[in-house]
Amino acid sequence: MKSIRQQLTGLLILSLGLLCIAVGLTGRQAIRNIILQEFDYSLITKAHDLSTLTEWEHNEYSFEFVEKRMPEFERVNNPEYYQISLETGDLIGRSRSLGAGQLSLPAGTLSEKPELYHLILPGGVPGRAAAITVMPQWGEKYPEPQQHHRKPVTIIIARDTLHLNELFRKIDLGFIAGLLGLFLVVILSVTWIVRRGLRPLNTLAQQVVAIDSENLNTRLPLTSVPDELIRIVEQLNHLLARIESAFQRERHLTAGMAHELYTPIAELRSITEVALKWPDDQESTAGVISSARDIALQMQHMVDVLLSLSRYESGVQRVDFRPVDLNDLLNELRQSIEPSAQNKQLQVRYELSPIPLIIADRIMLQTVLSNLLNNAVEYTPSQGEVSCSLTSTACGWELRLTNTNPALVPEDLPHLFEPLWRKDASRTGSAHCGLGLALSNRCCALLGFQLEASLPQQNLFRMTLTIPAQKIIASPVEF
Amino acid sequence: MKILLIEDSIRLQDSIRLALKKSDYAVDVASDGEQGFWLASTVPYDVIILDLMLPKMDGLTVLSRLREENIDTHVLILTAKDAVPDRIRGLNTGADDYLTKPFSIDELLARVAALVRRSYGNKNPELRCGNLVLDLKRQEFRIQEQILPLAPREFKVLNLLVHRADTLTDRSEIEAHIYEETSDIFSNVIDATISILRRKMADAGCTVKIVTRRGLGYLLEAQSE
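Residues numbered from 1 in each chain as written. Chains lettered and ligands numbered in written order. Predicted model: local features only at pLDDT ≥ 70, side-chain atom pairs only at ≥ 80, totals over all residues. Heavy atoms only, no water.

### Comments concerning the overall build of chain A
Broken down by element type, chain A carries 9 helices and 15 strands. Counting across all 479 residues of chain A, residues that qualify as buried make up 38%. For chain A, the exposed surface amounts to about 27300 Å²; the carbon and sulfur share of it is 56%. (Helix = DSSP H or I, 4+ residues; strand = E, 2+ residues; numbered from the N terminus. Buried < 20%, exposed > 50% of the residue type's maximum accessible area, 1.4 Å probe, protein only. Areas by Shrake-Rupley, 256 points an atom, 1.4 Å probe, with all protein chains shown as cover.)

Rendered as structure tokens:
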């Protein structure tokens, strides 16, 4: 596709060029017409002048031509011609310039209205003539009653058009030269105007090109921007803000992941290097293989969760909505957390109302519930309490997981769903990688559920999963 | 030489402690910042290896509190925080060296050895006293180009005496620098070790003797040949 500048320049030059040609042609024609009219007017005037010299006298026609008054009919160079004849073709008089020749008559019937036409003059010269048919004037000696003997005469005035054609040729040349000059001016001015007009776009393009991943905090200036571009610039600035935010999230996540991986990699490198350095030492080699496997599993888990989060966020993962029995799901998960809960001597209470079938992706829902239950057990101090309740509300159903957690404060709540955020920055001995709640939150968004964190009382932390009524598809099932 | 390792990762604790012990250092380990600060402020260490992200008290707080209490033990920060501002912050808080995870165990040992040398004002990796040479790189003593065979405890005691050169070192200082916090110390162990060292050094033709200043401690003294 051509550039806007090229398209605008081309179209403007074409249209202005055509306009110039049209105006020029019209002007040329007008000038030619004016000159021709003047030429014709001169012929007609002379024809009328000659008609005053033609008289009917003594039953014959007389023509009193005075050479001194009209020398143009007598001169040798560029002479003019006249011819006076009857309708029968009999000549009454003709100019000396005609010699023995005659001027041809126009086709059709002649009248007092002048007839203008082109003809070939004696000597083969092109010319133009005006012909009129008039009644000759009365001679001074004869009264008007004898006028029935009087017959009309045809007066033809002719003149060569060599000079006229030469003038027309010069006008045409001037017209062409003027048109070419005008065309050049049009090209230059259109190019300049378009370039000047598109300068804000070029400036905008340069500003946009100068933005890369290193200076995404740049915003395009709104000052001195034409009205037509303000909306575009505003939208670009909004887009830049979104891209910057996405890049920051990406960098934060990448840096966070790299940081998360440093510790297990450092552990792996350290234990293997020590084992390699002192291979015969029982203490240095004991447990290296099992530790390496544990570290590999820990990193695999981290990468698995990260990939899941990435798939869910990018929309690659298809959500397989099917009827899901929460009864089965919660039973499975209850059993899975029991050993950990017993080890920490936790008091776990369930207050589950009859559970309806819901529409959800079973794997996603399992991920959410598993994360919530495991977090509750993991972060509850020994001998603490965990309660799980499922109740019907006006908007649908609410699953509430409440556990003892003296560490969290209200300022922590906005960070809970951020990837890699953890209250304990040291991550000591934790099998969690800080992605579980971010993943759960994303899953809930895809499922159409809502996940909220709150601190209902001091030392109590609650996660509330809201399942909207439209996701319920069956009557309650006894738990 | 006695090292304090403040690190919350059990696997790193085990591997670093083992590497240091194999390099004839006595090592105490703390798993959190509070315990690490308590140990660092009550026991004289030659070097402290300090992680930054620690439970209970973060590493920078431990470091700044140690410096506030005028404890000038050399500190090597060992952390996953590798950004330049983190390094600058750590060094400005009072750290003597900064090593990021993952790290080479050899590099860690080399940096610890360098800090130990600096603790005693030595920059040369070979310390000389008479014809007794301590090769810090190879962790061995040589007399007239012959390696002096020493048991780990003997090496540690002689190592400390060589590092302190012309300074008197009393029994409690030797105990503090060569034994770990959890070790059972018998009253005559130091005397027995000194006695063995004197015999081995004399047999090898060493021109340096371990001299006892009664009631004050031990001192290495070069003898005229």
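### Considering helix H9 (residues 436–447) of chain A
All names here are of chain A. Between its terminal C-alpha atoms H9 stretches 16 Å, which fits the 16 Å expected from 12 residues at 1.5 Å a residue. Of the residues making up H9, those classed as buried are Gly-436, Leu-437, Ala-438, Leu-439, Ser-440, Cys-443, Cys-444 and Leu-447. Tucked inside the fold, the buried residues of H9 contact helix H6 (288–314), strand E11 (357–360), helix H8 (362–379), strand E14 (450–457) and strand E15 (460–468). A positive phi of about 85° marks Gly-448, the residue just after H9. (Expected span 1.5 Å × (residues − 1). Contact = heavy atoms within 4.5 Å.)

### Focus: the packing of aromatic side chains
A complete count under the given rule lists 2 aromatic pairs over all chains for this structure. In this structure, Arg-334 of chain A packs its charged tip against the face of Tyr-350 of chain A, placed 3.9 Å from the ring centre. A cation over an aromatic ring shows up here: Arg-65 of chain B above the ring of Phe-37 of chain B, its NZ or CZ 4.3 Å from the ring centre. (Phe/Tyr/Trp six-rings, centres within 6.5 Å; stacked < 30°, edge-to-face > 60°. Lys NZ or Arg CZ within 6 Å of the ring centre and 35° of its normal.)

### Notes on the environment of Leu-346 of chain A
Positionally, Leu-346 of chain A belongs in the loop between helix H7 (326–343) and strand E10 (347–352). Those residues in contact with Leu-346 of chain A that lie beyond four places of it in its chain are Ala-341, Val-377, Thr-380, Pro-381, Ser-382, Gln-383, Gly-384 and Val-386 of chain A.

### Points about the packing of helix H6 (residues 152–164) of chain B against helix H7 (residues 171–178) of chain B
All names here are of chain B. Contact pair H6 / H7: the axes reach a minimum separation of 10 Å and the direction vectors enclose 120°. Judged by the sense of rotation from one axis to the other, the crossing of H6 with H7 is right-handed. Contacts between H6 and H7 involve Arg-153, Lys-156, Val-157, Leu-160 and Arg-164 from the former and Glu-173, Ile-174, His-177 and Ile-178 from the latter. (Axes fitted to C-alpha atoms, helices over the stretch in contact; angles between N-to-C directions. Left-handed = near helix turned anticlockwise from the far one by under 90°.)

### Digging into the pairing of strand E5 (residues 115–121) of chain A
Put simply, side chains in a regular strand alternate between the two faces of the sheet. Residue and element names in this part refer to chain A. Strand direction decides the pairing type here: E5 and strand E6 (residues 125–134), joined by 7 bridges, are antiparallel. Among the inter-strand pairings, Ile-120 is bridged to a residue of E6, identified as Pro-126. Counting the residues that bridge the hairpin from E5 to E6 gives 3 residues, and of these Gly-123 lies at a positive phi of roughly 90°. (Pairing = 2+ DSSP bridges.)

### Here's the deal with the sheet that holds E14 of chain A
All names here are of chain A. Read from one edge to the other, the open sheet built from 5 strands follows the order E10-E12-E13-E15-E14, with strand pairing classed as mixed. Among the strands making up the open sheet, the edge pair consists of E10 and E14. Within the sheet, the average angular offset between the axes of one strand and its neighbour, ignoring direction, is 15°. Summarising the sheet, E14 and E15 pair through 6 bridges and their orientation is antiparallel. The residue of E15 that forms the bridge with Ser-454 is Arg-462. Contacting strand E12 (385–392), strand E13 (396–404), E14 and E15, H8 crosses the sheet at an angle of about 25° to E13.

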